Amino acid sequence: MSTPKDAARTAQRSDSFRRIARAGFVVVGIVHIIIGAIAVSIASGGGGDADQDGAMEQIRSTPVGGLLLGVIAVALIALAGWQIASGLLAAGKEARKWGMRIKLIGIAAAYLVIAGLALIFAFGGHVESEQTSQTLSAVVLAAPGGVVALIILGLTVGGVGIGFIVIGFTRGFEKTMDVPEGASRPAIVGLGVAGYIAKGVAVAVTGVLFIVAAWTQDPQKAAGLDAALRSLIDLPLGRAILWLVGVGLAIYGVFSFVRARFARM
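Cut-offs and rules
- Residues numbered from 1 in each chain as written.
- Predicted model: local features only at pLDDT ≥ 70, side-chain atom pairs only at ≥ 80, totals over all residues.
- Heavy atoms only, no water.
- Helix = DSSP H or I, 4+ residues; strand = E, 2+ residues; numbered from the N terminus.
- Buried < 20%, exposed > 50% of the residue type's maximum accessible area, 1.4 Å probe, protein only.
- Contact = heavy atoms within 4.5 Å.
- Axes fitted to C-alpha atoms, helices over the stretch in contact; angles between N-to-C directions.
- Parallel < 35°, antiparallel > 145°, perpendicular 65-115°, else oblique.
- Left-handed = near helix turned anticlockwise from the far one by under 90°.
- Nonpolar A, V, L, I, M, F, W, Y, C, P; charged D, E, K, R; others polar.
- Lys, Arg positive; Asp, Glu negative; His and termini not counted.
- Salt bridge = Lys/Arg side-chain N within 4 Å of Asp/Glu carboxyl O.

**Re the environment of Leu 242**
In step 1: With respect to the secondary-structure elements, Leu 242 resides in helix α10 (residues 238–262).
In step 2: A relative accessible area of 0% places Leu 242 in the buried class.
In step 3: Sequence separation of Leu 242 and Leu 229 is 13 residues, and the distance between their C-alpha atoms is 6.6 Å.
In step 4: Beyond its immediate chain neighbours, meaning those up to four positions away, Leu 242 contacts Ala 39, Ile 42, Ala 43, Leu 229, Leu 232 and Ile 233.

**Things to note about the packing of helix α2 (residues 15–43) against helix α9 (residues 224–231)**
In step 1: Running from N to C, α2 and α9 cross one another at 40°; their axes reach a closest spacing of 10 Å. With respect to α9, the element α2 is oriented oblique. Read as a crossing pair, α2 and α9 show a hand that is right-handed. Between α2 and α9, the contacting residues are Ile 35, Ala 39 and Ile 42 on the first element and Leu 225, Asp 226, Leu 229 and Arg 230 on the second.
In step 2: Partitioned by chemical class, the residues of the contact of α2 with α9 number five nonpolar, no polar and two charged.

**With respect to the side chain of Lys 199**
In step 1: In this structure, Lys 199 sits in helix α8 (residues 184–216).
In step 2: Look at Lys 199: it is buried, it has no salt bridge, and the nearest opposite charge is Asp 51 at 12 Å.
In step 3: Filtering out sequence-adjacent residues up to four positions away, Lys 199 remains in contact with His 32, Phe 164, Leu 249 and Tyr 252.

**Overview of unusual backbone geometry**
In step 1: Of note in the backbone geometry, Arg 171 takes a positive phi value of approximately 60° without being a glycine.
In step 2: When you line up the elements, Arg 171 lands in the loop between α7 (146–170) and α8.
In step 3: Relative accessible area serves as the criterion here: at 38%, Arg 171 is assigned to the partly exposed category.
In step 4: Even without a glycine there, the phi angle at Gln 217 is positive, about 55°.
In step 5: The topology assignment puts Gln 217 in the loop between α8 and α9.
In step 6: Judged by its relative accessible area of 57%, Gln 217 falls in the exposed class.

Purely geometric stuff here, so don't read any function into it on its own.
As structure tokens, this is what we get:
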């Protein structure tokens with residue numbers, strides 16, 4: 001009788017599955033480039049939704065948008081499957097194995113959420129990430145101990161953002177890639193450092209908004225990535241900061257293209 005680990009090994013031995021999973025990194029790159037471009041537009045006085053649903057809306061507006069969204073969903077589901085398989089096959093001591101499994105399953109869940117968004121938009125639907133975040137916050141706040149729970153959620157999201165920043169500064173992403181030696185290496189590493197730091201800032205600010213929503217007991221404060229990026233404008237030199245973060249998110253997208261080629265899979 002086949003076990004989940006047997007299925008994971010079979011999947012990871014499949015060249016076709018590996019290629020589709022690598023395409024998932026390309027998809028992640030496209031989404032981040034679009035979000036980054038929208039953020040730069042906002043910083044320059046333009047409009048748009050600088051989040052995943054805003055990116056899906058932009059893709060759907062193209063002549064073959066529905067087909068592209070379907071391809072995006074398939075690639076992201078494959079990439080999520082690869083992360084889950086990697087988690088099941090994690091080696092080492094028990095604490096390390098379970099820590100790695102939780103991390104990889106969390107990453108897989110994020111990919112599946114974006115894949116779900118792509119499918120909804122592919123079939124003509126629409127989802128507002130801002131409204132979803134506010135609804136989630138309202139539900140959590142209404143539950144017993146809701147304020148504490150929402151603060152924990154915000155700290156968790158903020159922690160993920162800080163994790164991205166740390167990976168960027170320490171170049172931790174190199175552990176998951178076979179970065180080539182030679183003239184291209186500094187450019188690839190530079191893309192990774194800038195991209196991870198920018199993404200970390202965006203995610204960390206999103207976590208802060210959840211904490212603000214809990215502290216003020218106002219679920220409207222938790223408004224997702226777009227609101228998090230827009231909130232940067234209120235800082236000193238805010239538009240310049242948002243412009244830099246937007247460029248950084250686009251750089252993370254370009255780095256994802258590179259990762260599709262050099263990720264250890």
